[in-house]
Amino acid sequence: MNRSPDYDVVILAGMEYETVEIRSRGGAKATICPGKGFNCIGLEFRVAGEQIQVLHAESDVLGDGSPTRSGMPVLFPFPNRIAGANFDWDGDTYEIPVTHPGDTNAIHGLVCRAAWTDWERTISEDAVTGRFRLSSDASDGVLHWPGDLELRLTYTITDDALTISSEVVNPEEKPVPFGMGFHPYFAPLGAGTGPEAVAACHVQCDATAYWVLEDSIPTGEKRPVAGKRDLRRNPSVGDRELDDILTDLPAFVGGRSGLMPRATLTGGAVTLSLNCDESWRDVVVFTPPNRESIAIEPYTCPTDAVHLTEQGENVGWQVLGPGGSWVGTVQLRVSA
């Protein structure tokens, strides 16, 4: 393992997981757990003199809890689901592992439940980089994908933002497909805790359409947002039960940072902005059943993008040529 000597070891429920913290001089702090998918399981900022928790984590996240129910799971080489847990590519059929026996669909990619053993800090205290190679780091040692890919992920924190920089590299001598997403579970941002605090939060997303789903899989049809799915006027979460892939975002206009706000969450007097580059085309908004958090998830492509592409849809499914690379950036920024 490649790591800095400055790290924390947490032992919980008889299991040992290392966590690494990155910090800004102004009191911001992010906690990453390499052993659980290089997941950022904690994030806090100092806003108007108060320390604000941004990400929600279940109490068992460092024990035997699910790595996809806390923090900000990394979804790669596909976000959300692949229907039937298989797909055809270049004349071959690929079977994708399912999370639980009997599951119909593969979900959340191949890296969020695996330990990332190759990670290191930068010289400073404000960044950490992890690397995951599909051919060598998959949990069962089998390449379940049409080719090898390496994901290099860097978290960098400042006083008011966490920036997640991703680079995907194709070491193969053939094209290899992929999609990517993040699944952050946001806390109510200083509005309190629990279902009532989540209900009082406001969520904004200017998407004008959503993908129609059957059993959580897009049918290929899009419809204009309306009712509970219309988040263009910053409504409160209230009693909305959301689990939607929102799409047809406004045309990308990047600022000096090359990023554009794609969604915001406001709780109490704090607003969190989800800023993305132009690669991130869809946003999933999900209210978990326990109502302790709200997920606002940036995706480069929708659920089951490989099958939508087979149907002739242009949905952002990426294909990297031999030796090619792709970079993408997502940023979480807070303000009072």
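The present account deals with the structure reproduced in this document. (Residues numbered from 1 in each chain as written. Predicted model: local features only at pLDDT ≥ 70, side-chain atom pairs only at ≥ 80, totals over all residues. Heavy atoms only, no water.)

The helix and strand inventory of the protein stands at 3 helices and 27 strands. Relative to the globule expectation of 20 Å for 336 residues, the C-alpha radius of gyration of the protein, 19 Å, shows essentially globular dimensions. On the principal axes, the C-alpha backbone points of the protein span a range of 60 × 50 × 45 Å. Taking all 336 residues of the protein together, the buried fraction comes to 54%. Pairs at least 24 residues apart make up 65% of the contacts formed inside the protein by residues separated by at least 6 positions. Counting only carbon and sulfur atoms, one obtains 46% of the accessible surface of the protein, whose full area is about 14000 Å². Charged side chains of the protein number 26 positive and 47 negative; the gap between the two group centres comes to 6 Å. (Helix = DSSP H or I, 4+ residues; strand = E, 2+ residues; numbered from the N terminus. Rg over C-alpha atoms; globule rule 2.2 N^0.38 Å. Buried < 20%, exposed > 50% of the residue type's maximum accessible area, 1.4 Å probe, protein only. Contact = heavy atoms within 4.5 Å. Areas by Shrake-Rupley, 256 points an atom, 1.4 Å probe, with all protein chains shown as cover. Lys, Arg positive; Asp, Glu negative; His and termini not counted. Charge placed at Lys NZ, Arg CZ, Asp CG, Glu CD.)

Another aspect to go through is the side chain of Thr-68. Checked against the element boundaries, Thr-68 lands in the loop between β5 (50-53) and β6 (74-75). Owing to a relative accessible area of 4%, Thr-68 belongs among the buried residues under this scheme. At 3.0 Å, the side chain of Thr-68 and the side chain of Ser-66 are in polar contact. Those residues in contact with Thr-68 that lie beyond four places of it in its chain are Pro-73, His-108, Cys-112, Arg-113 and Tyr-185. (Polar contact = N/O pair within 3.5 Å; in protein donor to acceptor, adjacent residues only side chain to side chain.)

With that settled, the discussion passes to the pattern of salt bridges. Applying the stated criterion across every chain, the model contains 14 salt bridges. Between Arg-333 and Asp-160 there is a salt bridge, with the nearest N and O atoms lying 2.8 Å from each other. Highlighted residues: Arg-333 in strand β27 (residues 325-335) and Asp-160 in the loop between β13 (150-157) and β14 (161-169), separated in sequence by 173 residues. Arg-223 is paired through a salt bridge with Glu-221; the nearest N and O atoms lie 2.9 Å apart. Relative accessible area serves as the criterion here: at 36%, Glu-221 is assigned to the partly exposed category. Residues joined by salt bridges that share partners form a network here, namely Arg-133, Asp-148, Glu-150, Arg-152 and Glu-167. (Salt bridge = Lys/Arg side-chain N within 4 Å of Asp/Glu carboxyl O.)

It is worth spelling out the pairing of strand β19 (residues 209-214) at this point. Where β19 and strand β20 (residues 217-224) come together, 5 bridges link them in antiparallel fashion. Residue pairing for β20: Trp-211 is matched across the bridge by Lys-222. Hairpin connection between β19 and β20: a loop of 2 residues separates the two successive antiparallel strands, and Asp-215 in this loop has a positive phi of roughly 55 degrees. Two strands pair when backbone bridges link them, and β19 and strand β21 (residues 243-247) are joined in this way by 2 bridges, in the antiparallel orientation. Looking at β21, one finds that Tyr-210 is bridged to Leu-246. (Pairing = 2+ DSSP bridges.)

Bringing the nonpolar core into the picture now. The biggest cluster of nonpolar side chains holds 89 residues, and the ones touching the most others in it are Leu-43, Trp-145, Tyr-155 and Leu-162. Aside from chain neighbours lying at most four places away, what touches Leu-43 is Lys-29, Ala-30, Ile-52, Gln-53, Val-54, Leu-55, Ile-157, Leu-162 and Leu-332. (Core = buried A, V, L, I, M, F, W, Y, C linked by side-chain atoms within 4.5 Å.)

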